[in-house]
Structure formats: structure tokens, C-alpha cells
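# Structure at a glance
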Amino acid sequence: MSNATPLADRQAVHARSLADPDGFWLEAATRLDWMTAPSRAGDWSFDRDDFHIRWFEDGVLNVAANCIDRHLATRGDQVAILWEGDDPTTAPRHITYAELHREVSRFANVLKGLGAGKGDRITLYMPMIPEAAFAMLACARIGAVHSVVFAGFSAEALAGRIADCDSRIVITADQGRRGGRTIALKACVDEALAIARAVDHVLVVRATGAEVPMTAGRDIWYHEAALNVAADCPPEPMAAEDPLFILYTSGSTGKPKGVVHSTGGYLLWAAMTHATVFDYTAPDVYWCAADIGWVTGHSYIVYGPLANGATTLMYEGVPNWPTPARIWEVVDRHRVTTLYTAPTALRALMKEGDAYVTGTSRASLKLLGSVGEPINPEAWRWYHDVVGGGRCPVMDTWWQTETGGHMITPLPGTPAKPGSASLPFHGVDPRLLDAEGRELDGAAEGNLVIAASWPGQMRGLWGDPARFFDAYFSLYPGVYTTGDGARRDADGYWWITGRVDDVINVSGHRMGTAEVESALVLHADVAEAAVVGFPHDVKGQGIYAYVTLNAGVAADETLRAALRDWVRREIGPIATPDAIQFAPGLPKTRSGKIMRRILRKIAEGDTASLGDTSTLADPGVVKALLSESQARV
Ligand code: 6R9
């Protein structure tokens, strides 16, 4: 490691960042290129009466200028985006910073031509192609707010997200490619727009060349529109607090939350964490194997690396296609130095045996990263020993859509404890609270909260300030509630234990149990549904649905399959239930609250310790659930 930070040094920097946040953050902010430098750092209060979060408020900057223009003089010919296609025989694309400047400017001018400008929301429903990044940066360049919707979400889910933030423009592609299959993106947008009608334009990027129907007056081919615009577009000056993007994520209610991130604080956080945690130095090839539809793709494929002038690899496909060696072959092909992926991918690859890994060189690798869920020590060791050949430190990065970037993470040089995300990043002040909100000291386990604001913190939920406060600041007054549980050991290392709310983590993707329940009860045969997570070998957690049917409906395999398809269609394949148990009734308290604790135990197969069932309105329900669950297995 060129810049390993010894433990004592990182602790000293952390102490300074908390003791003098203004001095620390104004100095840190100089890593960005400001049109007007900020004179103030954080200005915030988590108290109900005076609730506000602002950083670098009088600073003015443009995110696209930071990610592109400022690198032109020094690294215009360096590759900014290195694209690897789904099909290994497809030629990779190398987009230099100079090319990125032209592409993004053109894209920005096309958007302007459609009437888009500062503050307008634009929804992206894109495959993993460079044009997705061009579109995001083009929005940033003109001050429009992008909302990227993961291309695996259904038309229903897409329609809801388009309507929620009132997007007048949708950017998509004819089709996407993934794991040897094509995904009909334009068709899905058409279906979504039959529901969410108030859209003026659909801008369609030609990706596979498939014929797709175009609606006259509404749909525009990007490659045609781009012929008529200039390859230069001045970046819009933006206030640091102007919103950069909205990203919908799951919460504990049925309606996804539109997390809003800022321009200045967010970019600083993404850039600084990327540089520090991954110790990035040009001309390293850095690869974050996430999708741009998730926050990891926003912060660590696009904004963080490009703000740092990195070469960021963007991969269209999946880690295990056409063979489980693909991910390592891509590492060798492009001499990747840093690989950042999710434990679920590692567990899936691990199952295929070491030969797929050891048949490749991986000599270029210097550092490995993990994100999305707790990494079990077995997967950690395999990553470290087999993938990294024992040479590469593993950065287990804990963070959330809401935090903008890494919060608790090793830095190169931090002594590793497999399974622990280790220590807080600069400026992060994590605490543990018990269920009553009392702070726990020393080695302890409890609810993980953050006691002070940090620049990358989300600034709101789109259109719903009351829900923002209620969801994150009301349960424990004065702190940000993460929704995760954690344990702090005697060395002060943090171990994330998982969600403490009704959110489950399926293959590193957040899923609200209430979202799946809402989808199920929309089905004509379903009276009631309750969804819980259960431990799953590869996915981390699987989705277990208890379904009560309407009177007279036959509970058979055909209906079970139909309900699985139904959820896929309503939300998307990532929400497909792993198990559906037909239940004559659900265990409820006398006040009508479903006792999920019991449902979780049954789903886990831990039926010996159901705990106290005496508060149930009808204890007989549990007996029926148990006999049905045994029949199911
Ligand atoms: C970045 C991202 C956030 C939730 C978070 C937590 C889990 C993420 C983790 C981790 C343990 C890690 N999580 N990284 N748990 N160790 N290194 O994943 O954002 O999709 O919003 O999910 O993921 O439960 O609360 P997001």
C-alpha cells in the first residue's frame, strides 16, 4: 500500500475531525473545485424544534465540472470509464476524460433542448453502459436532479417512482444485456407510462439495436438528437445545498423513500472516502462491481472515482456468466487493482470451488472491498486468502443509501478483524443505544445511531419533510437512527449485526417487508400477507411470505407459483419470495398487531423457542402455522 494509515494516525485524524469539525471540513473541502469557496462547514441540528442539515452553504460548484473539466488539463487522455460488455467477445470501450467531456456536454445539450434545467427531475432506467454515466453527469451539468431506477424494477415500481418525483423526462435504452439475456427496457418504460402519464419525453439510447416502438411526439432517439447539438455545454453554478439526486430505497412502510442527496457535501464525501478507503492513485484501474441503480453505483462507480480522476471500470454483466471465472477474467483482462463487490456475490462464487479463481492470475489486485451486508468471516477469509492471495487488505465498508458513502470502514493500515467493519471514518460519531435510548459505553451491543451530522448525510425525503424527521430522528431524539444493530468490542471495533427494523437484506439489496406485503395483498385471491426474512446461504437473507387466502380459494402449487410471479411483476425479480406458506390465520396481538417475532422464528425453523405466545388473540393460529411449515419442508 502506498498510503497505508497506521491505526494511531487514523485515530488522531478522527479525534481532530470531531473536536474541530469546522476547521477539519473546510480544509477537506479544498479537494473539490469550487466556483465560490465555502466560508462555513456544517450548520445542523437534529432537534425537532430547530431541525436542519446544511453543509458548505455559501459554496458554489458543479459536480460534472469536478468529475470531468478539472481533469482535462492533466489527464485528458487518461481513460475515465473503462467499459466491459456482458458478452466477453464484445470489444471493451475506453472513454478518456476528454471524450467524457464531449459526451456529457452533448447529452446535457440534448436535455436542455428538451426543456430541462436546474431543479427538474429526470428519471433514468438504464442498463450498465457508459451512456448511463453520461446521462447522470449531464443532469448534474445542467443542475437537473436525477432519479436512477434500477433496471430490474418492474413497470409498476418504475411508474411509482416517476410519479413520486414528477419527472417529465425519462432516459432509457432500447434494451439491456445481462448474463446472456436481453432486458426489454423501452417496453417496460412504455408500460410504466401507461400508468404514470405525465411525462413529456422519453430519450432512448440505442444499446442493442433492437427495434422498439417509438411514440411520435414523445419518444426521441438519443443518437439522432445528439447530431444536432454542440459538444460543449457550460456547467451550471449550483449551491452546495442544491439537490444532486434522488434515489428510492426501501423503508419499513410499503412506499419506497426518495432519499435526496446534496451537491457539495455529497460529492466531498464520495470523493474523500473513495480516495482514502481505497487508497486510489492513478493510473490504477478501479472496479466497483455494483449497478448504478443502487447508491454504491452512484458514489463508487461514478461520482467518487471520477471526482478523483480515476479510471473506473463499468461492467455490464454479472459476476458468474458465462462461467464463475468471469469476474476474475475481467480483473486480469484490465489489470484491475481494486475490486469492490458484495458478500452475496462472493458466497455464490465460493460455492463453485476455488479452481475458477486459481485458474486466473489476479496479480494486479492490490486491495479488496466489500459492501451491502455483513460479510461472514468464512467469505472474508476466502476473499482475502484465495481471491487476494493473502496480499490484499479487505475493506469491509458499512454505510447506507442515506449516508452517501462509507461510515464505518477499515482504511489501508487498519488491523483487520474478519467480519468487523472496524472503525468510524473521519467525522463519523457512532453511538450505541439500548431500546430505551440510553447510551451504552464500552463493549456493548445495541442500536447503532450517529450523533453528529457529516457532509454526505441525506438532506431529505423527496416531497416529505415530516417523514424524513419521523423515520430517522424521532425514535431516539437528537441523533440519526440507522436502523441497524451493532456491537462494539473491547478494542472499539464495530460489528454490524443487521437491521433492527422491518427491512431485510436480500443479496445486498434492501427490501421492505411491507413492500412485498403490499404487492401480495393486491392479488385478488389474497386476504392478508406477512413477510419476514430468514437466513439464506447465498443471499444472506431470503424472503418468506405468509399468505392468508380469501374464503373458497384453493391453496395449491399453481397459486403458489402465480403469487411468486405476481410479486416479480409488481416489484421486480429481486423481490421474488423464496418461500410462500399458506396460513389459515396470522398470529396477532389482541390489538391486531402481527407478531413478526413468531413468524421469523418459524421461517428460520427455530420452532423450539417461540417465546411468549400468551399475548396472542388466538394462540391456536401458531399451531396451525407450525404444522403447515413442517408440511412445506
Ligand atoms: C451501501 C448500501 C444499507 C444497509 C445497512 C446495513 C447493510 C451495508 C454493510 C451492511 C454490514 C456492511 N450493510 N453495508 N451491513 N456490513 N459492510 O448497501 O446501502 O442499499 O441502503 O443498504 O445494508 O444493514 O443499513 P443500502
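Position labels on residues start from 1 in each chain and follow its written sequence. Totals for whole chains, interfaces and linings use every residue, but because this is a predicted model, local features are given only for residues with pLDDT of at least 70 and side-chain atom pairs only at 80 or more, for both listing and counting. Side-chain descriptors were evaluated using all non-hydrogen atoms of the structure, hydrogens and water having been removed beforehand.

## Notes on the pattern of salt bridges
Convention followed: Any Lys or Arg side-chain nitrogen found within 4 Å of a carboxyl oxygen on Asp or Glu counts as a salt bridge. Secondary structure elements follow DSSP: runs of H or I of four or more residues count as helices, runs of E of two or more count as strands, with numbering from the N terminus. Each residue is placed in one exposure class: buried if its accessible area under a 1.4 Å probe, protein chains only, is under 20% of its type's maximum, exposed if it is over 50%, and partly exposed if it falls in between.
All chains considered together, the criterion is met by 32 salt bridges. Taking the shortest distance from any N to any O, the salt bridge between lysine 255 and aspartate 164 comes out at 3.3 Å. Note that lysine 255 is positioned in the loop between strand 14 (243-249) and strand 15 (257-262) and aspartate 164 in helix 7 (residues 155-164), a separation of 91 residues in sequence. A relative accessible area of 47% places lysine 255 in the partly exposed class.

## Looking at the domain arrangement of the chain
Put simply, the test is: Note that the domain bounds reflect an automated or database-derived domain assignment. Pairs of residues are marked as contacts when any of their non-hydrogen atoms sit within 4.5 Å. Buried area adds together the accessible area that both of two parts lose upon being put together, with accessible area traced by a 1.4 Å probe. Following the grouping adopted for this structure description, the nonpolar residues are Ala, Val, Leu, Ile, Met, Phe, Trp, Tyr, Cys and Pro, the charged ones are Asp, Glu, Lys and Arg, and the polar ones are all others, Gly among them.
Along its sequence, the chain is carved into domain 1 (7-318 + 393-486) and domain 2 (507-631). Distance between the C-alpha centres of domain 1 and domain 2: 34 Å. On the domain 2 side, the residues contacting the 18 residues of domain 1 number 14 residues. Both sides together, the interface formed by domain 1 and domain 2 hides about 1100 Å², and carbon and sulfur atoms give 49% of it. Scanning the region where domain 1 abuts domain 2 turns up one salt bridge. A salt bridge links arginine 510 to glutamate 402, with the shortest nitrogen-to-oxygen separation between them at 2.9 Å. Looking at the side of domain 1 that touches domain 2, the element that brings in the most residues is helix 7, giving three residues. Residues that form the side of domain 1 that touches domain 2 fall into these classes: five nonpolar, ten polar and three charged.

## Description of the packing of helix 1 (residues 7-19) against helix 2 (residues 21-28)
How two helices sit against one another is set out by the angle between their axes and by the gap between those axes. Rules: Only the stretch in contact is used when a helix axis is fitted, and all axes are lines through C-alpha atoms; the angle between N-to-C directions ranges over 0 to 180 degrees. For this classification, under 35 degrees means roughly parallel, over 145 means roughly antiparallel, 65 to 115 means roughly perpendicular, and everything else is oblique.
Direction vectors running N to C along helix 1 and helix 2 enclose 110°, while the axes themselves pass 5 Å from each other. When the axis of helix 1 is compared with that of helix 2, the two are roughly perpendicular. Where helix 1 abuts helix 2, its residues Val13, Arg16, Ser17, Leu18 and Ala19 lie against Pro21, Gly23, Phe24 and Glu27. Of the residues in the contact of helix 1 with helix 2, the class split is five nonpolar, two polar and two charged.

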